[in-house]
Amino acid sequence: MKRISSKVLVISVSLLLLATMLLSACGKKEVLPEIWENATYTEDTTLGEGTKVVGVYVTAGEKSVKLTIKTDEKTLGDALKALNIIEGDDSEFGIYIKKTNGIVADYDIDASWWGFNKVLEDGTREIMLSGVDSVDIVGGEVFELIYSK
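These remarks concern the structure in this document.

Criteria and cut-off values
Residues numbered from 1 in each chain as written. Predicted model: local features only at pLDDT ≥ 70, side-chain atom pairs only at ≥ 80, totals over all residues. Heavy atoms only, no water. Helix = DSSP H or I, 4+ residues; strand = E, 2+ residues; numbered from the N terminus. Buried < 20%, exposed > 50% of the residue type's maximum accessible area, 1.4 Å probe, protein only. Contact = heavy atoms within 4.5 Å. Areas by Shrake-Rupley, 256 points an atom, 1.4 Å probe, with all protein chains shown as cover. Pairing = 2+ DSSP bridges. Axes fitted to C-alpha atoms, helices over the stretch in contact; angles between N-to-C directions. Polar contact = N/O pair within 3.5 Å; in protein donor to acceptor, adjacent residues only side chain to side chain. Core = buried A, V, L, I, M, F, W, Y, C linked by side-chain atoms within 4.5 Å.

**Concerning the overall build of the protein**
In terms of helices and strands, the protein carries three helices and nine strands. Of the regular secondary structure in the protein, the N- to C-terminal order runs α-β-β-β-α-β-β-β-α-β-β-β. Counting only residues that meet the buried cut, the protein has 36% of its 149 residues in that class. Nonlocal contacts in the protein, meaning residues at least 24 apart in sequence, comprise 53% of its contacts between residues at least 6 apart. Here the protein has roughly 9200 Å² of accessible surface; of this, 54% comes from carbon and sulfur atoms.

**Points about the sheet that holds strand β2 (residues 52-60)**
Pairing is mixed in the open sheet, where six strands are placed in the order β1-β3-β2-β9-β7-β8. The open sheet has two edge strands with one neighbour each: β1 (45-47) and β8 (125-127). The average angle at which neighbouring strand axes cross in this sheet is 30°, direction not considered. The sheet contact formed by β2 and strand β9 (residues 142-148) spans five bridges and is parallel. Directly across from Val58, in β9, lies its bridge partner Leu145.

**Some points on the side chain of Thr71**
Considering the arrangement of structural elements, one finds Thr71 in strand β3 (residues 63-71). Overall, the relative accessible area of 5% leaves Thr71 in the buried class. Here Glu73 takes part through its backbone nitrogen, which lies 2.9 Å from a polar atom of the side chain of Thr71. The contacts of Thr71, once residues within four sequence positions are left out, are Glu49, Gly50, Thr51, Lys52, Ala79 and Ile137.

**Focus on the side chain of Thr75**
Along the chain, the position of Thr75 falls in the loop between β3 and α2 (76-82). Contacts of Thr75, omitting those with residues within four sequence positions, involve Val132, Asp133, Val135, Asp136 and Ile137.

**Side note on the nonpolar core**
Core analysis: the largest hydrophobic core is formed by 29 residues, its most contacted members being Leu76, Leu80, Val132 and Leu145. Of all the secondary-structure elements, those providing two or more residues to this core are β2, β3, α2, β5 (94-100), β7 (113-119) and β9. Counting residues per element, this core draws most heavily on β2, at four residues.

**Regarding the sheet that holds strand β4 (residues 86-91)**
The strand order across the open sheet formed by three strands is β4-β5-β6, and the pairing between neighbours is antiparallel. The strands lining the two open edges of the sheet, one partner per strand, are β4 and β6 (103-104).

Here it is in structure tokens:
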């Protein structure tokens, strides 16, 4: 029996996640006002101290807030964890985000999850094929964590 390499496994899981996110994006966005009841930040906010600045939109339903993060952390994941913006389970593939900005999205509970996008200069979103743990911060980047179900 052949053993599947970790590279093939990571690529397969990434493609499956990408296909799931693309299919979910085809449906109408539902309004989720109750989701925002537990949110830590409900308005655009600047957090942290540091020399690098990165923007992170937190989007659920038709509502979105922009968190401007000032940090000296190397990766986006480390910066978001240090400011208690995200929580989740660590694995060999990085953090599986279950809570962002106080909002829970847990596939095991209600088939919801946090998608991860890069926001391009023209405002369009590009699905990230890597997790927040493996994204180095240079400064000036903008990302989005989007509640999906």
